[in-house]
Amino acid sequence: MPMIEFKNVSKWYDRFQVLTNCTTKVEKGEVVVVCGPSGSGKSTLIKCVNGLEPFQSGELVVNGESVGAKETNLSQLRSKIGMVFQHFELFPHMTVTENLNLAQVNVLGRSVDEATAKSMMLLKRVGMEDHAPKFPGQLSGGQQQRVAIARGLAMDPIAMLFDEPTSALDPEMINEVLDVMVKLAQEGMTMMVVSHEMGFARKVAHRVIFMDRGEIVEDATKDDFFGKPRSERAVQFLSKILHH
Amino acid sequence: MFSGFDFDVIERSLPYLFKEGMTFTLTLTAMAMAGGIVFGTLLAMARLSSIPMFNVPAATYVNLMRSVPLVLVIFWFYFLVPWIGGWIIGAREPIQVGAFWSSVITFTLFEAAYYAEIMRAGIQSIPRGQVSAGQALGLNYWQTMGFVVLPQAFRNMLPVLLTQTIILFQDTSLVYVLSITDFLGAAAKIAQRDGRLVEMYLFVAVVYFIISFSLSYGVKHLQQRIAIIR
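Below or above, wherever it landed, is the structure these notes cover. (Residues numbered from 1 in each chain as written. Chains lettered and ligands numbered in written order. Predicted model: local features only at pLDDT ≥ 70, side-chain atom pairs only at ≥ 80, totals over all residues. Heavy atoms only, no water.)

Residues and elements named next belong to chain A. Pairing between strand β9 (residues 207-212) and strand β10 (residues 215-221): 6 bridges, direction antiparallel. Residue pairing in the sheet places Val208 in a bridge with Ala220 of β10. The antiparallel pairing of β9 with β10 creates a hairpin that spans 2 residues between the two strands, and Arg213 there sits at a positive phi of about 50 degrees. (Pairing = 2+ DSSP bridges. Helix = DSSP H or I, 4+ residues; strand = E, 2+ residues; numbered from the N terminus.)

Rendered as structure tokens:
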């Protein structure tokens, strides 16, 4: 059973269709990179996985649960899926540790001590343990994003979603975040990553999904996608972003 | 020029003015502020809800309260609250609420409409992504509100909330229409008794000015201290 499975998922904003019959899947332990021009619906697609974006038709099954179904407990499902945002979205009024502890304590019911131990362990893993008592505003973008990854991991997620995790970062900070993500991928985490970082895709992705105008145009293994893209649109896109 | 005046009357009545009057005014202000902010925040949340069952009544309430003069509301509630209270507990006679509790309820309900608009702006000032981040962690609506949105909204809006409270502090003087001994009421009583209207009303104005002005001065300083680092 795939970890995440899209079956003909479509979504409209009023009459404007943003997703058209999207069908794909992510297996356990698989790293899938979603790319495509801006406005192609890749962020929307990934936000459907944990129900942050509702969709109107089709089916989306995550860990055996149908996301769109009324009987699905969305909060509970979300707590099992980590998400990292483009603009970090750390809670600015809480320290780094409090950011990591919040959902552990209030959603998973861990004790504060238990949560703090877990948080410190994860902060160490992303190289942020020295910054635990600081507030997000005192950190650089790259540091904030590493904390955000640790916050997602603190919930012991079955999969991690990344929505353009490096596109709001200054160039010199991109690598520190990508390094953390590469390590995570190599440890076998199931990941769905919206990104233009083709170097990252080449290194750790198993599959690449290329989207354009709300459609999944290409869904191929990494080697096929980079070696012999089938669609004209993917060829054009690759030539544009790999040009320099 | 002040030879015809007797400023001693102020000194003589200080204990009465402050022990009776100012205590009432400050207690009323504090309770109406606390109640008004809590109820106002709930109103703001209801108003921002996408469910008509919540947002329509909340909007109606806020707009109604903001369109009626406070004096009228004070009058109406003073006479209505005993009847409504009696009706709620099923008593046949209106219940005895008393001037103090009647004013607390009136001011809470009236000021809540204003606090609600402030909190609504505060909630809307929080980036949508913060809510998404809360939800993505598995927090439910109340947890996202309570841990993520409201603490930030409250902090952003604290100066405005306090400014509204200064207005509330001045507005409480309107309870004198119910012959209640608030600070102004106490001064008025002395003024009538001793025929020292100018002295007493001057003194009252100075006291209101000093308190309100120092509070707004404090708010300005607080504003700089509590800003969230982004």
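Attention now goes to the sheet that holds strand β4 (residues 57-62) of chain A. Residue and element names in this part refer to chain A. Read across the open sheet, the 4 strands follow the order β2-β1-β4-β5; overall the sheet is antiparallel. Looking along the sheet, the strands with just one partner apiece sit at the ends: β2 (16-26) and β5 (65-66). Judged from the 7 bridges that link them, strand β1 (residues 4-13) and β2 form a sheet pairing that is antiparallel. Bridge pairing in β2 places Ile4 opposite Val26.

Residues and elements named next belong to chain B. Packing of helix α1 (residues 8-48) against helix α2 (residues 52-67) brings their axes to within 7 Å, and their N-to-C directions diverge by 130 degrees. Judged by the angle between their axes, α1 and α2 are oblique. Of the two elements, α1 crosses α2, and the hand of that crossing is left-handed. In this structure, α1 uses Phe39, Leu43, Ala46 and Arg47 to contact α2, whose residues at the interface are Phe54, Asn55, Ala58, Ala59, Tyr61, Val62 and Asn63. Residues that form the contact of α1 with α2 fall into these classes: 8 nonpolar, 2 polar and 1 charged. (Axes fitted to C-alpha atoms, helices over the stretch in contact; angles between N-to-C directions. Parallel < 35°, antiparallel > 145°, perpendicular 65-115°, else oblique. Left-handed = near helix turned anticlockwise from the far one by under 90°. Contact = heavy atoms within 4.5 Å. Nonpolar A, V, L, I, M, F, W, Y, C, P; charged D, E, K, R; others polar.)

Within the largest apolar cluster, 77 residues are counted, with the highest numbers of intra-cluster contacts made by Ile4, Phe6, Leu60 and Met192 of chain A. A total of 10 residues in this core trace back to one element, the largest contributor, which is helix α4 (residues 98-124) of chain B. Those residues in contact with Met192 of chain A that lie beyond four places of it in its chain are Ile4, Phe6, Val26, Val32, Val34, Leu45, Ile46, Val49, Met160, Leu161 and Phe162 of chain A. If you look at the next biggest cluster of nonpolar residues, it comprises 48 residues, including Val33, Leu90, Ile174 and Val208 of chain A. (Core = buried A, V, L, I, M, F, W, Y, C linked by side-chain atoms within 4.5 Å. Buried < 20%, exposed > 50% of the residue type's maximum accessible area, 1.4 Å probe, protein only.)

To describe a pair of aromatic rings, you give the distance between the ring centres and the angle between the ring planes. Residue and element names in this part refer to chain B. Overall, the coordinates contain 15 aromatic pairs over all chains when judged by the stated rule. Geometrically, the ring pair formed by Phe110 and Tyr114 is tilted, given 5.5 Å between the ring centres and 45 degrees between the ring planes. Of this pair, Phe110 and Tyr114 both sit in helix α4, 4 residues apart, roughly one helical turn. Accessibility expressed as a relative area gives 4% for Phe110, which makes it buried. (Phe/Tyr/Trp six-rings, centres within 6.5 Å; stacked < 30°, edge-to-face > 60°.)

On to the pattern of salt bridges. Applying the stated criterion to the full structure yields 18 salt bridges over all chains. A salt bridge links Asp156 of chain A to Lys118 of chain A, with the shortest nitrogen-to-oxygen separation between them at 2.5 Å. Taken together, the positions of Asp156 of chain A in the loop between α5 (141-153) and β7 (159-163) and Lys118 of chain A in helix α4 (residues 112-125) put the pair 38 residues apart, joining distant regions of the chain. Measuring nitrogen to oxygen at the nearest pair gives 2.8 Å for the salt bridge that ties Arg47 of chain B to Glu117 of chain B. A residue pair is termed long-range when its members are at least 10 positions apart, and Arg47 of chain B in helix α1 and Glu117 of chain B in helix α4 qualify at 70 residues. (Salt bridge = Lys/Arg side-chain N within 4 Å of Asp/Glu carboxyl O.)

On the surface, a cluster of nonpolar side chains totalling about 820 Å² of accessible area is made up of Leu72, Trp76, Leu80, Ile84, Trp87, Ile88 and Ile89 of chain B. Here Trp87 of chain B lies in helix α3 (residues 70-89). (Patch = residues over 30% accessible without salt bridge, like charges linked within 9 Å, V, L, I, M, F, W, Y side chains within 5 Å. Areas by Shrake-Rupley, 256 points an atom, 1.4 Å probe, with all protein chains shown as cover.)

Once that is clear, we can look at the sheet that holds β10 of chain A. Residues and elements named next belong to chain A. Reading across the sheet, the 6 strands line up as β6-β7-β8-β3-β9-β10 and stay open at both edges, with mixed pairing between neighbours. Sheet topology places β6 (81-84) and β10 at the edges, where each strand pairs with a single neighbour. Each neighbouring strand pair of the sheet contributes to a mean axis angle of 15 degrees, computed without reference to strand direction. Together, β3 (31-35), β9 and β10 form the strand contacts of helix α9 (residues 232-241), whose direction differs from that of β9 by roughly 100 degrees.

Let us look at the packing of α5 of chain A against helix α6 (residues 171-186) of chain A. All names here are of chain A. Viewed as axis vectors pointing N to C, α5 and α6 meet at an angle of 20 degrees, and their least axial separation amounts to 8 Å. When the axis of α5 is compared with that of α6, the two are roughly parallel. Along this stretch, α5 crosses α6, giving a crossing that reads as right-handed. For the pair formed by α5 and α6, the contact residues are Gly141, Gly142, Gln143, Gln145, Arg146, Ile149 and Leu153 on the first element and Met173, Glu176, Val177, Val180, Met181 and Leu184 on the second. A breakdown of the residues in the contact of α5 with α6 according to their chemical character gives 7 nonpolar, 4 polar and 2 charged.

This part takes up the pairing of β9 of chain A. All names here are of chain A. Across the 6 residues of β9, 6 count as buried, placing the element largely inside the fold. On β9, burial covers both faces: Arg207, Ile209 and Met211 on one face and Val208, Phe210 and Asp212 on the other are all buried. Summarising the sheet, β3 and β9 pair through 4 bridges and their orientation is parallel. When the bridges of β9 are listed, Val32 appears paired with Arg207.

Tracing the backbone shows Gln143 of chain B in helix α6 (residues 141-171). Classification of Gln143 of chain B by relative accessible area gives buried; the value is 18%. There is a polar contact of 3.1 Å between the side chain of Gln143 of chain B and the backbone oxygen of Asn106 of chain A. Excluding residues within four positions of it along the chain, Gln143 of chain B makes contact with Asn106 and Val107 of chain A together with Gly138 and Val148 of chain B. (Polar contact = N/O pair within 3.5 Å; in protein donor to acceptor, adjacent residues only side chain to side chain.)

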